[in-house]
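So the chains spell out like this:
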Amino acid sequence: MARVRYARSPRESEDARNARREKDEGFVRLLVGRYETDPEALAAVVPRPLEAAPENEVEIVVATVGEGALQRGSALIGVRVDYDGTAGVMPLSMPCDDAAAVAEARERFGEPRKQGTVDLVVDGDGVSASVTRRDVLFLRLGGRRREDLDRGAWASTSFSFKAFPAVDPTRDFDHDPQLVRSDWRFEPTTAVRLDGGIELWDSPFDPIADLPVRRLVELRFGEGRYARSARVVRPVPGDWLWPFLHQRDDAPGSEGVEV
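Note that the structure is predicted; figures quoted are calculated from it, not measured. (Residues numbered from 1 in each chain as written. Predicted model: local features only at pLDDT ≥ 70, side-chain atom pairs only at ≥ 80, totals over all residues. Heavy atoms only, no water.)

A. Just the overall build of the protein, in detail. Scanning the protein from N- to C-terminus turns up four helices and 12 strands. Projected onto its principal axes, the C-alpha positions of the protein cover 65 × 45 × 40 Å. A total of 259 residues make up the protein; the buried ones form 45% of that total. Carbon and sulfur atoms form 46% of the exposed surface of the protein, whose accessible area is close to 14,200 Å². Charged side chains in the protein number 37 positive and 46 negative. The centres of these two groups are separated by 6 Å. (Helix = DSSP H or I, 4+ residues; strand = E, 2+ residues; numbered from the N terminus. Buried < 20%, exposed > 50% of the residue type's maximum accessible area, 1.4 Å probe, protein only. Areas by Shrake-Rupley, 256 points an atom, 1.4 Å probe, with all protein chains shown as cover. Lys, Arg positive; Asp, Glu negative; His and termini not counted. Charge placed at Lys NZ, Arg CZ, Asp CG, Glu CD.)

Pasting the structure below:
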């Protein structure tokens, strides 16, 4: 008899389903920052059917997920949006230092994850984070403890587009992209507000600096457990997404649009 490992046994298939569910919850450290930016720049990066939220804010979440040898660093840099009466964030860039996590997030949720270096350091009352990709440091944020926050749950929503680039080069997509909604719930054991700041540097691979920091809105840090649930909300016409799809795969030669 011989074994063929490209096929799973029924037991392995069920174990894999259970393991995927377990990945959607666990221990996390979060550094969350929000800042106001130029409304014209923010509106220019939001595809329909999402709408730029009126507060004109960019949200940044830098996290270490898991514990011990399984710990990985990840970041979300996105813009605040509204969809059908629900406020959320649409990620523009999601660096992560784990290649398997990058692949799964892109294939499963349509998130614009890319492999990079994400550092989050807690040193006494200070918390700092930085994000680097392709040897370019483009984001740093952090500060020192100002006050403790209530330990009530943090809830948030994100929207991403699960796209299917066409096999036929004369078409954009094989079929319509899907709008995916993810709901996050974080139960902190530690929650603090920080005094600090957010710094951006230009990068041709992650041009977040095109959304400049005009006013810091919030900086907070927490430790605890998180859970995530997600669902497909609706199909989206490919023409709505096509002008924005390039950046998830790096487009250093993009000339962009004037705002």
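Further notes follow.
B. Molecular detail of the pairing of strand S12 (residues 215-235). In the sheet, strand S1 (residues 25-36) pairs with S12 via 12 bridges, with the strands oriented antiparallel. By the bridge assignment, glycine 26 is partnered in S12 with tyrosine 226. Pairing analysis gives 15 bridges linking strand S11 (residues 178-200) to S12, with the strands arranged antiparallel. Looking across to S12, one finds that phenylalanine 186 is bridged to tyrosine 226. (Pairing = 2+ DSSP bridges.)

C. How the structure looks around the layout of surface pockets. Here the second largest pocket defines a volume of roughly 870 Å³. Lining the second largest pocket are 37 residues, with Val45, Pro207, Asp210, His246 and Gln247 sitting closest to its centre. Contributions of two or more residues to the lining of the second largest pocket are made by helix H2 (39-44), strand S5 (86-96) and strand S10 (154-162). By residue number, the principal contributor to the lining of the second largest pocket is S5, which donates four residues. Broken down by class, the residue content of the lining of the second largest pocket amounts to 23 nonpolar, eight polar and six charged. (1 Å grid on protein atoms, 1.4 Å probe; cavity = no way out; pocket = protein on both sides within 12 Å on 5 of 7 lines; lining within 4 Å. Points joined across faces, edges and corners; volume = space filled by probe spheres on them. Nonpolar A, V, L, I, M, F, W, Y, C, P; charged D, E, K, R; others polar.)

D. Representation of the environment of isoleucine 208 in the model. Checked against the element boundaries, isoleucine 208 lands in the loop between S11 and S12. The spacing of isoleucine 208 and serine 93 is 115 residues in sequence and 8.2 Å in space, taken between C-alpha atoms. In contact with isoleucine 208, not counting residues within four places along its chain, are Tyr35, Ile77, Leu92, Ser93, Phe138 and Leu200. (Contact = heavy atoms within 4.5 Å.)

E. Spotlight on the confidence of the model for the protein. Overall, the predicted model of the protein reaches an average pLDDT of 93, with 97% of residues at or above 70. By mean pLDDT, the top-scoring element of the protein is strand S8 (residues 126-133) (98), and the lowest-scoring one is helix H1 (residues 10-23) (78). (pLDDT = per-residue confidence, 0-100.)

F. Structural view of empty space enclosed by the protein. Inspection of every chain in the model, using the stated rule, returns one cavity of 30 Å³ or more. Size it by volume and the largest cavity reaches roughly 30 Å³. Lining the largest cavity are Leu76, Pro91, Met94, Glu111, Ser158, Phe159, Ser160, Val180 and Ser182. Among the elements that take part in the lining of the largest cavity, S10 stands out by supplying three residues, more than any other. Partitioning the lining of the largest cavity into residue classes produces five nonpolar, three polar and one charged.

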